[in-house]
Amino acid sequence: MSSLQIIQDHDKWRKGTGGAPAGLAGESDGNVYLGLDLGLITFTSSTFKSSRFGTTSFVDAVWTACRFTGCSFSRCDMQRIKVSGCSFVGCTFAASQLRASSFSDCTLSHCNLISLNFDASHWSQVKLLDCRGQQVSAADLVGEQVDFTGSRFEDMQFTNARIN
């Protein structure tokens, strides 16, 4: 079954219109997804190239050992998402909610972070390399071994953040 079909079936299951709970493992994807409910979905060892996610919910999703290249996440609800061992290259995250999210052993390289909220989130061994950010906010963000090498951020608002 294609990654597109698996993801659409998960959305149907979440909306109560059929489908089934799903996850991607070892899949490749480059599709456009708008307005989906992908809460609780798992992505494992999958590759996403130029995938586009708009107004999509990833609440309580789990992503492990995935690679995202040239992907965009716009107006997504990513509260409580758990991301580990993933890499993001040339991706854009815009106007999205990442409250209580967890990122561990992840690398974001040449990414754009615009109008994001990371309240009560946890970062461990996260590399933000040559990234650009604007209007990134966080209250009570905890970050351990976070590397911002080459990154530039404007209008950041961190309250009670503990990084490194």
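Keep in mind it's a predicted model, so treat the numbers as computed, not measured.

Next up on the list: the side chain of S101. Locating S101 in the fold gives a position in the loop between β12 (92–97) and β13 (102–109). When residues no more than four places from it in sequence are discounted, the contact partners of S101 are M78, R80, I81, F118, S121 and H122.

Moving on, we come to the nonpolar core. Core analysis: the biggest nonpolar cluster contains 41 residues, and F43, F58, W63, F68, F73 and F88 have the highest contact counts within it. For this core, the elements supplying multiple residues, two or more each, are α1 (3–14), β13, β14 (112–117), β15 (122–129) and β16 (132–139). With residues up to four places along the chain from it excluded, the contact list for W63 reads F43, F58, F68, F73, M78, I81, K82, V83, S84, C86 and F88.

Here the focus is the pairing of β16. Pairing of β14 with β16, which is carried by five bridges, proceeds in the parallel orientation. When the bridges of β16 are listed, L116 appears paired with V136. Strand direction decides the pairing type here: β16 and strand β18 (residues 152–154), joined by three bridges, are parallel. Each residue of the ladder has a partner; that of G133, found in β18, is F153. Taken together, the three bridges between β16 and strand β19 (residues 157–159) define a ladder with parallel strand orientation. Bridged to S137 within β19 is Q157.

Right, let's talk about the packing of aromatic side chains for a bit. Within a pair of aromatic rings, the relevant descriptors are the distance that separates the centres and the angle that separates the planes. Throughout the structure, instances matching the rule amount to 20 aromatic pairs. Judged by centre distance (4.7 Å) and plane angle (10 degrees), the rings of F73 and F93 are stacked. Separated by 20 residues along the polypeptide, F73 in strand β9 (residues 72–74) and F93 in strand β12 bring together distant segments of the chain. On the basis of relative accessibility, which here comes to 4%, the residue F93 falls in the buried class. Aromatic rings pair up to connect Y33, F43, F48, F53, F58, W63, F68, F73, F88 and F93 into one cluster.

Each value, and the rule that gives it
- Residues numbered from 1 in each chain as written.
- Predicted model: local features only at pLDDT ≥ 70, side-chain atom pairs only at ≥ 80, totals over all residues.
- Heavy atoms only, no water.
- Helix = DSSP H or I, 4+ residues; strand = E, 2+ residues; numbered from the N terminus.
- Contact = heavy atoms within 4.5 Å.
- Core = buried A, V, L, I, M, F, W, Y, C linked by side-chain atoms within 4.5 Å.
- Buried < 20%, exposed > 50% of the residue type's maximum accessible area, 1.4 Å probe, protein only.
- Pairing = 2+ DSSP bridges.
- Phe/Tyr/Trp six-rings, centres within 6.5 Å; stacked < 30°, edge-to-face > 60°.

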